[in-house]
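Structural description and commentary
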Amino acid sequence: STRRRLNKTLNSSHDHKLLALMDVKGFDPDEVTVKVKDGKVKVLAEHEEEYSTIRGKEYNYKNIRKEISLPPGVDEDEVVYSV
């Protein structure tokens, strides 16, 4: 289950400080962008699907935008992330 995976991830990272954990289910890794700048971690995920239907083309678009401030004393160059 998702809760077990989340707990496993949190427990396996006990020797690192975890700032945030985001669910980007439904997005391909290349659709997720992470930038660390100006004391913040900025996450953007965008996904677009195009369908052909009897009425013509239809689109499904979803995105996630999140900005997280780094705690005081955390160097931007030390931030590590993975998708």
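Our subject is the structure that appears above.
What comes next is a walk through the structure. Since the structure is predicted, the reported quantities are computational estimates derived from the model, not experimental observations.

Right, let's get into a negative patch on the surface. Together, Asp38, Asp75, Glu76, Asp77 and Glu78 make up a region of like negative charge exposed at the surface. Among the structural elements, Asp75 can be located in the segment after strand E3 (56-69).

With that out of the way, let us pick up the side chain of Glu31. Relative to the helices and strands, Glu31 is located in the loop between helix H1 (2-12) and strand E1 (32-37). For the buried Glu31, which has no salt bridge, the nearest side chain bearing the opposite charge is Lys62, at an N-O separation of 7.4 Å.

The biggest cluster of nonpolar side chains holds eight residues, and these are Val24, Phe27, Val32, Val34, Val41, Val43, Ala45 and Leu70. With three residues, strand E2 (residues 40-53) is the single largest residue contributor to this core. Setting aside its immediate chain neighbours within four residues, Val41 contacts Leu19, Val34, Lys35, Val36, Lys66, Glu67, Ile68, Leu70 and Val79.

Across the sheet, three strands lie side by side as E1-E2-E3; this open sheet has antiparallel pairing. Where the open sheet ends on each side, the last strands, each with one partner, are E1 and E3. If you compare each strand with its neighbour and ignore which way they point, the axes differ by 15 degrees on average. Here E2 runs beside E3; their pairing, made up of 14 bridges, is antiparallel. Paired with Glu49 across the two strands is Asn60, which belongs to E3.

The rules behind each value
- Residues numbered from 1 in each chain as written.
- Predicted model: local features only at pLDDT ≥ 70, side-chain atom pairs only at ≥ 80, totals over all residues.
- Heavy atoms only, no water.
- Patch = residues over 30% accessible without salt bridge, like charges linked within 9 Å, V, L, I, M, F, W, Y side chains within 5 Å.
- Areas by Shrake-Rupley, 256 points an atom, 1.4 Å probe, with all protein chains shown as cover.
- Salt bridge = Lys/Arg side-chain N within 4 Å of Asp/Glu carboxyl O.
- Lys, Arg positive; Asp, Glu negative; His and termini not counted.
- Charge placed at Lys NZ, Arg CZ, Asp CG, Glu CD.
- Helix = DSSP H or I, 4+ residues; strand = E, 2+ residues; numbered from the N terminus.
- Buried < 20%, exposed > 50% of the residue type's maximum accessible area, 1.4 Å probe, protein only.
- Core = buried A, V, L, I, M, F, W, Y, C linked by side-chain atoms within 4.5 Å.
- Contact = heavy atoms within 4.5 Å.
- Pairing = 2+ DSSP bridges.
- Axes fitted to C-alpha atoms, helices over the stretch in contact; angles between N-to-C directions.

Purely geometric stuff here, so don't read any function into it on its own.
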